[in-house]
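# A look at the structure
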Amino acid sequence: MKRNVLTLALAALLSTACSDFHTSDNGLLDGFWQLAQVDTLATNRSGDVRDRKMFWAVQGDLLEIRDLATYHVSVFFRFEHRDGMLTLSHPVVDNRLVSDSLVQDVNTISFYGIDHMEEMFKVLQLDKKAMTLESERLRMHFRRY
């Protein structure tokens, strides 16, 4: 009897704790993406960049960009995905040892192919396996990871 009461109490506690849990509703955009290829629109040249190990993680209203090859700073963005466009804004450098900070200089994020503090991408492809985004300068091809 004690065991049943304890189990019931634990279940009630967990259901209460999870009531504030926010689920993500970004459809196919949610998840982990690896940047696989980058096309430079001005020169019509392409490059395989899988060895750079650059990943985008999307959940809720946050997008994190992380480079696992050189361990360049990770950056978090707020984003909006609507009408075939993906807009990244409010970049914040992930520096958990000191303090996260707003990006002040676009050079901090240009390493990731993002040229503006608020960058707009046209979503050319988005399915269960691949995503293709296009900015003014680049076309970026991702694979779901």
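Keep in mind that this is a model prediction, so the values were computed, not measured. (Residues numbered from 1 in each chain as written. Predicted model: local features only at pLDDT ≥ 70, side-chain atom pairs only at ≥ 80, totals over all residues. Heavy atoms only, no water.)

## Structural notes on the environment of Lys-53
With respect to the helices, strands and loops of the structure, Lys-53 is situated in the loop between β2 (45-48) and β3 (54-59). Spatially, the C-alpha atoms of Lys-53 and Ala-69 are 5.4 Å apart, while their sequence positions differ by 16 residues. Not counting the four nearest positions on each side in its chain, Lys-53 is found in contact with Gln-34, Arg-66, Asp-67, Leu-68 and Ala-69. (Helix = DSSP H or I, 4+ residues; strand = E, 2+ residues; numbered from the N terminus. Contact = heavy atoms within 4.5 Å.)

## Some remarks on the pairing of strand β8 (residues 119-126)
Note that strand β6 (residues 85-94) and β8 share 4 bridges and pair antiparallel. Bridging from a neighbouring strand, Leu-86 pairs with Phe-121 of β8. The pairing of β8 with strand β9 (residues 130-134) spans 4 bridges and is antiparallel. Counted as the bridge partner of Lys-122 is Glu-134 from β9. Between the end of β8 and the start of β9, which pair antiparallel, lie 3 residues. (Pairing = 2+ DSSP bridges.)

## Points about the environment of Val-49
Looking at the secondary structure, you find Val-49 in the loop between β2 and β3. On the accessibility criterion, Val-49 (12% relative accessible area) is buried. A C-alpha to C-alpha distance of 5.3 Å links Val-49 and Gln-37, two positions 12 residues apart in sequence. Apart from residues lying up to four places away in sequence, Val-49 is in contact with Leu-35, Ala-36, Gln-37 and Val-38. (Buried < 20%, exposed > 50% of the residue type's maximum accessible area, 1.4 Å probe, protein only.)

## Here's the deal with the side chain of Thr-132
Tracing the backbone shows Thr-132 in strand β9. Of the residues examined, Thr-132 reaches a relative accessible area of 6% and is grouped as buried. Contacts of Thr-132, omitting those with residues within four sequence positions, involve Lys-122, Val-123, Leu-124, Gln-125, Arg-139, Met-140 and His-141.

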